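Chain residues, written in single-letter form:
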Amino acid sequence: MIYPTILCGGSGTRLWPLSRKSYPKQFVPLVGEETLFQASAGRLVGDGYAAPVVLTNSDFRFIVTEQLAGAGLDPLAVIIEPQGRNTAPAVLAAALFVQERDPDGILLVSPSDHVIPDATGFRAAVVRGLSAVARGQIVTFGIQPTRPETGYGYLELAERPDESGNPVALSRFVEKPDAERAASMLAAGNYLWNAGIFLFSAADMIAAFELHAPDVLAAVRAALDEARVDLGFLRLAPEPWADARDISIDYAVMERATNLAVVPYDGAWSDLGGWDAVWSEAARDEAGVAASGAVTAIDCRSSLLRSESEGVELVGIGLSNVIAVAMNDAVLVADMSRAQDVKLAVEALRAKKAAQATQLPKDHRPWGWFESLAVGDRFQVKRIHVHPGAALSLQSHHHRSEHWIVVQGTAKVTIGGEQQLLAENQSVYIPLGAVHRMENPGKVPMVLVEVQTGSYLGEDDIVRYDDIYARGQGAKG
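Residues numbered from 1 in each chain as written. Predicted model: local features only at pLDDT ≥ 70, side-chain atom pairs only at ≥ 80, totals over all residues. Heavy atoms only, no water.

What about the UniProt feature "domain: Nucleotidyl transferase" (unreviewed entry) in the chain?
Then, number 1: Taking the numbering used here, the UniProt-annotated feature "domain: Nucleotidyl transferase" (unreviewed entry) corresponds to residues 5-285.
Then, number 2: End C-alpha to end C-alpha, residues 5-285 measures 37 Å, and it is 35% helix and 21% strand. (UniProt positions renumbered as here; feature names shortened; annotations may be inferred. Helix = DSSP H or I, 4+ residues; strand = E, 2+ residues; numbered from the N terminus.)

Re the UniProt feature "domain: MannoseP isomerase/GMP-like beta-helix" (unreviewed entry) in the chain
Then, number 1: Mapped onto the present numbering, the UniProt feature "domain: MannoseP isomerase/GMP-like beta-helix" (unreviewed entry) falls on residues 295-349.
Then, number 2: The span residues 295-349 carries 15% helix and 40% strand; its end-to-end C-alpha distance comes to 26 Å.

A closer look at the pattern of salt bridges
Then, number 1: Under the defined criterion, the tally for this structure stands at 16 salt bridges.
Then, number 2: One salt bridge connects Arg172 with Glu156, and the closest N-O pair in it is separated by 2.4 Å. Note that Arg172 is positioned in strand S7 (residues 168-174) and Glu156 in strand S6 (residues 154-157), a separation of 16 residues in sequence.
Then, number 3: Judged by its relative accessible area of 38%, Arg172 falls in the partly exposed class. (Salt bridge = Lys/Arg side-chain N within 4 Å of Asp/Glu carboxyl O. Buried < 20%, exposed > 50% of the residue type's maximum accessible area, 1.4 Å probe, protein only.)

Brief notes about the layout of surface pockets
Then, number 1: Considered as a void within the structure, the second largest pocket measures approximately 770 Å³ in volume.
Then, number 2: Taken together, 32 residues make up the lining of the second largest pocket; nearest its centre are Leu18, Ser307, Glu308, Ser309 and Met327.
Then, number 3: Sorting the residues of the lining of the second largest pocket by element identifies strand S12 (290-292), strand S14 (304-307), strand S18 (362-365) and strand S19 (368-376) as the ones contributing at least two each. (1 Å grid on protein atoms, 1.4 Å probe; cavity = no way out; pocket = protein on both sides within 12 Å on 5 of 7 lines; lining within 4 Å. Points joined across faces, edges and corners; volume = space filled by probe spheres on them.)

Focus on a negative patch on the surface
Then, number 1: Negative charge collects at one region of the surface, where Asp225, Glu226, Glu239 and Asp243 lie side by side.
Then, number 2: Locating Glu239 in the fold gives a position in helix H8 (residues 238-242).
Then, number 3: For Glu239, a relative accessible area of 66% corresponds to the exposed category. (Patch = residues over 30% accessible without salt bridge, like charges linked within 9 Å, V, L, I, M, F, W, Y side chains within 5 Å. Areas by Shrake-Rupley, 256 points an atom, 1.4 Å probe, with all protein chains shown as cover. Lys, Arg positive; Asp, Glu negative; His and termini not counted. Charge placed at Lys NZ, Arg CZ, Asp CG, Glu CD.)

So, the sheet that holds strand S16 (residues 322-326)
Then, number 1: The sheet built from four strands is open, its strands ordered S12-S14-S16-S17 with mixed pairing. Bordering the open sheet on either side are S12 and strand S17 (331-335), each of which pairs with just one other strand. In this sheet, adjacent strand axes meet at a mean angle of 0° when their direction is disregarded.
Then, number 2: Direction of pairing for S16 relative to S17: antiparallel, over a ladder of five bridges. Bridge pairing in S17 links Val322 to Asp335. (Pairing = 2+ DSSP bridges. Axes fitted to C-alpha atoms, helices over the stretch in contact; angles between N-to-C directions.)

A few points about the packing of helix H6 (residues 202-212) against helix H7 (residues 214-225)
Then, number 1: For the pair H6 and H7, the least separation of the axes is 5 Å and the interaxial angle reads 125°. Comparing their axes, H7 and H6 come out oblique. The residues of H7 that touch H6, namely those facing Ile206, Phe209, Glu210, Leu211 and His212, are Pro214, Val216, Leu217 and Arg221.
Then, number 2: The residue makeup of the contact of H6 with H7, split by class, is six nonpolar, one polar and two charged. (Parallel < 35°, antiparallel > 145°, perpendicular 65-115°, else oblique. Contact = heavy atoms within 4.5 Å. Nonpolar A, V, L, I, M, F, W, Y, C, P; charged D, E, K, R; others polar.)

Examining the sheet that holds strand S20 (residues 379-386)
Then, number 1: Read from one edge to the other, the open sheet built from six strands follows the order S18-S19-S20-S27-S22-S25, with strand pairing classed as antiparallel. Strands at the two margins of the open sheet, each flanked by one partner only, are S18 and strand S25 (427-430). Between one strand and the next, the sheet's axes are offset by a mean angle of 20°, whatever the strand orientation.
Then, number 2: Sheet topology places S20 next to strand S27 (residues 446-454); eight bridges connect them, and they run antiparallel.

A word on the pairing of strand S23 (residues 411-415)
Then, number 1: Note that S23 and strand S24 (residues 418-422) share five bridges and pair antiparallel. Bridge pairing links Ala411 to Leu422 in S24.
Then, number 2: Connecting S23 to the antiparallel partner S24 that follows it, the hairpin turn spans two residues, and Gly416 within it adopts a positive phi of roughly 65°.
Then, number 3: Pairing of S23 with strand S26 (residues 436-439), which is carried by four bridges, proceeds in the antiparallel orientation. When the sheet's bridge partners are listed, Val413 is paired in S26 with Met438.

So, the domain arrangement of the chain
Often, the extent of an interface is quoted as the loss of accessible area on bringing the components together.
Then, number 1: Parsing the chain into structural domains produces domain 1 (2-265), domain 2 (275-352) and domain 3 (362-466).
Then, number 2: Facing eleven residues of domain 1, the contacting portion of domain 2 comprises 17 residues.
Then, number 3: Carbon and sulfur atoms supply 66% of the area that domain 1 and domain 2 bury against each other, a total of about 1400 Å² over both sides.
Then, number 4: Where domain 1 touches domain 2, the interface holds one salt bridge.
Then, number 5: Residues Asp329 and Arg20 are paired through a salt bridge, measuring 2.9 Å at the closest nitrogen-oxygen approach.
Then, number 6: Applying the counting criterion to the domain 1 and domain 2 interface returns four residue pairs in polar contact (both at pLDDT 80 or more).
Then, number 7: Counted by class, the side of domain 1 that touches domain 2 contains eight nonpolar, one polar and two charged residues. (Domains from an automatic or database assignment. Buried area = accessible area lost by both parts, 1.4 Å probe. Polar contact = N/O pair within 3.5 Å; in protein donor to acceptor, adjacent residues only side chain to side chain.)

Topic: the packing of helix H3 (residues 87-101) against H7
Then, number 1: Closest axis-to-axis distance for the H3/H7 pair is 10 Å, and the angle between their directions is 55°. Taken together, the axis directions place H3 and H7 in an arrangement best described as oblique. Classified by chirality, the crossing of H7 by H3 is right-handed. Contact with H3, carried on its side by Pro89, Leu92, Ala93, Leu96, Phe97 and Glu100, involves Val216, Leu217, Val220, Arg221, Leu224 and Asp225 of H7 and no other residues of that element.
Then, number 2: Looking at side-chain class alone, the contact of H3 with H7 contains nine nonpolar, no polar and three charged residues. (Left-handed = near helix turned anticlockwise from the far one by under 90°.)

Notes on a nonpolar patch on the surface
Then, number 1: A cluster of nonpolar residues, Ile298, Val315 and Ile317, forms a patch on the protein surface that exposes about 280 Å² of accessible area.
Then, number 2: The residue Ile317 is located in strand S15 (residues 314-317) in this model.
Then, number 3: Classification of Ile317 as exposed rests on a relative accessible area of 60%.

Notes on the environment of Ala339
Then, number 1: By secondary structure assignment, the location of Ala339 is in the loop between S17 and helix H11 (342-351).
Then, number 2: The sequence separation of Ala339 and Leu15 amounts to 324 residues, and the corresponding C-alpha distance is 8.7 Å.
Then, number 3: Those residues in contact with Ala339 that lie beyond four places of it in its chain are Arg14, Trp275, Asp276 and Ile323.

As structure tokens, this is what we get:
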């Protein structure tokens, strides 16, 4: 049985302002209607595949389950990493988890933010890799390069791959090259892009860690042995997990192992590592303009124009090779050739402590989401969306009072020991310090406008008394 293993705890910065630490690119529908995470899970479904194993962090755990449910998928496990320790501990945790349940289990480890349009073709490549796995080899997938790309690492093969697509021995990993070196590797024909996708038996991967990184194995095994189940999630134990080295699977195992094989894949693939890659994958008009959302393009060519907010109309005039992404709290305008430098903008914003560096205006929670509509001295106005059947925690605040106005659906409101139902256009006041809760008892989303007033309006001014999502104290728990 093949166990799809999806890594989705990362938070890339090259697709800012749409992708941010609070809601990174894998959870966004960048290309098509599905999110990248949903598409990654959906392509690994079929005969011979188990339900997916997902590794993520605490902040994303409910986003993961919500999006899997939206795609009609039920995970085998969602494993929560207490902190990011890079890919080696994550992959090992999945291998140990699978081996406990299936000693002969095979893992297919995939990032959650890649675009592979031909799911059938990719699964056929996986089948070709199973013969190498049966021989005790660890398989990685190499993408047939189409250009002298300097933004990817490469795999040097022992020989040029033939048309069969069967596994080929790996000679070595090659770091991201300069332009001249990339051109020579493209011409040589025995170099493939490193996709960061792996296929191996759980037993073989654990043996590789025993040989090459025994310290990581000891820490991760202890974290899994002491893990606890929390609302269906498997939380790795934080103390032993913190002892695991922060190291990638490439450095910990792959560059040291001698039992490696590469399955060539010549189908379309992209890691969407920048807005230029999004432009390449997007539908474009005859002038090469990829437009999304409320966009008007006049005499533009070879550009990406995206409006990600309902009330923001993005107008481009005479643009050429330009990236323009507009949101209601941040706007990016860059030359297409500088797409990889978007991360520099995020670093600059972090240095000036701008919230836009990491936080989206829309904040996702297990019960739904909220966004700030207006913020001023001692007041804030929010729009709050609550899913059917969902409920916020029973809570109070030390520094603010709140006024709720229902604009869609029905709200069940608890204040102190009393409950009431509010229909559309009805409102209620929650005094400072009052213990209260908001629920959606209906079958349709409930939306309300919240007006906060007080001396401090931060999300960490929450005291939780009861929470169906077991988040504990703090802004998110």
